[in-house]
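Letter by letter, the chains look like this.
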Amino acid sequence: MEAIRPTFHILTSIQTNLPMKPAYTLDELAHATGRSKPTAYRYLTELKQNGFLITSHRGAFSLRDSVFLPITIIPHIIPSLHALNQARKFRLRNGKSGIVKAMKLLRGVGGMATLDYAAYEITAYQTPETFFFYPDSFEKAVRILRENNYVESSKGKVVLLPRIGDFSKPVLRIFYDSLAVGGRGILDAIAISRKYPETTKSSGYFDFILNLARKVEQDTRGVERIGSNTR
Amino acid sequence: MSKTREELRESVRIRDECVRVNSEIPSAIFVGAAATLAYLGWTYRTTSDLDIAVEVVGDVDEDRLLELGYSKDPQTGDWYTPRNLKIDIYKGSLNGFSVKEIANQSVKVEARKDKWIKVAKLEMLILMKHRAGIVTDVQALVRNRYSSINWKYLETIAKDDVEGKEIKNVARAFGLLKQT
């Protein structure tokens, strides 16, 4: 926990002073945090180390939108972010994604799928794109993929993640991974939470907000029904 | 993993649905997930609802839709295609663009062999997604279709210089655009 403490200050500054956007500049980060450009750069490095940075180049950068999640949830998603930071992506040598083949191969290695495919398995909500997998043995999984014509590629759709953090409750882990990855993953997390509200209760304030949203949705439908009956 | 092949076919299902909707509603221009999928090769993540902008209002007259087998949820007012996919129909404007502009600038893409559908122009789609705050889709469209983006055109349809710069910053962040 010690290592991420300074990030809380940065996250609070970002959440308070930056709008959600697909990209920012270092100047904007410096302005949002009220610090100099070199300090802002140090903050950016820290965000990168903690897995919030998607990409950066010549003073422009993109952040995972999980950076805007309630601060109380951040400690829960840090292990997922660190795993995503160390992900290794693969595709078949012939250029194809090789997802179906990899699923079969990796089943033999043992481990747990997460994100896209795992979320789809639970919710059937969003079409999956990339196969994310926590193998029991990372090195063995890499070796097996290589032996079967897979090569590492930045655009690979078969992604191996190191097992960092708690895996005792798979659904909860998929939920936190989905929050951590951000973007459409957050939609998956909400869908998972709707299906397993008890399991995802530990998300605290996030869970509270989702419950309120559910209540409003139900109440609003009730109002609409009554409205249409009286017309 | 039992659903694997089914899952891989999911985006094919959406593509087929677009072709069918296009034959039923000839003036339909796909603007949401389907347009994003069309630009990103039909494998990108998406929910399976469709968004269309329609300039010829008669094409989506309620009676006509019901005749075609479309259905309306009486509680929510949401429309569903005859294959039971949710479809949002926009007639006036969408994220700052009039349906007329969207229609005039739309482009044809081949969804299946010899089956063409109309989708919102790439630059408009990027700005619509940006205005809707769908950050991930903006990043994916800029990153994957960078070389197809007409930056001059994008600047002319952006609401101000800041909006245009924000999209350019995405390209910069991904190391695609060397100068601003």
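Residues numbered from 1 in each chain as written. Chains lettered and ligands numbered in written order. Predicted model: local features only at pLDDT ≥ 70, side-chain atom pairs only at ≥ 80, totals over all residues.

Caption draft 1: Molecular detail of the domain arrangement of chain A. All names here are of chain A. As assigned here, chain A comprises domain 1 (2-68) and domain 2 (74-205). Spacing between the C-alpha centres of domain 1 and domain 2 amounts to 25 Å. Contact residues are listed per partner, giving 8 residues for domain 1 and 13 residues for domain 2. (Domains from an automatic or database assignment. Contact = placed C-beta atoms within 7 Å.)

Caption draft 2: Local environment of the sheet that holds strand 9 (residues 115-119) of chain B. Residues and elements named next belong to chain B. Pairing is mixed in the open sheet, where 7 strands are placed in the order 3-4-5-2-1-9-8. Two strands bound the open sheet, and with one partner strand each, they are strand 3 (71-72) and strand 8 (107-112). For strand 1 (residues 28-30) and strand 9, the ladder comprises 2 bridges, and the chain directions are parallel. Directly across from Ile 29, in strand 9, lies its bridge partner Lys 118. (Pairing = 2+ DSSP bridges. Helix = DSSP H or I, 4+ residues; strand = E, 2+ residues; numbered from the N terminus.)

Caption draft 3: Structural view of the nonpolar core. Formed by 105 residues in total, the largest nonpolar core has its most connected members in Phe30(B), Val31(B), Ile52(B) and Leu125(B). Built from parts of two domains, this core gets at least three residues from each of domain 1 (2-68) and domain 2 (74-205) of chain A. In this structure Phe30(B) touches Cys18(B), Ala35(B), Ala38(B), Leu50(B), Ile52(B), Ile117(B), Lys118(B) and Val119(B), once residues within four positions along its chain are discounted. (Core = buried A, V, L, I, M, F, W, Y, C linked by C-beta atoms within 7 Å. Buried ≥ 20, exposed ≤ 12 C-beta atoms within 10 Å, placed from the backbone.)

Caption draft 4: Highlighting the interface of chain A and chain B. If you look at the interface, chain A gives 31 residues, while chain B gives 27 residues. Among the secondary structure elements, those contributing two or more residues to the side of chain A that touches chain B are strand 1 (24-25), strand 2 (53-57), strand 3 (60-63), helix 5 (99-109), helix 6 (115-123) and helix 10 (205-230) of chain A. A per-class count over the side of chain A that touches chain B returns 12 nonpolar, 9 polar and 10 charged. (Nonpolar A, V, L, I, M, F, W, Y, C, P; charged D, E, K, R; others polar.)

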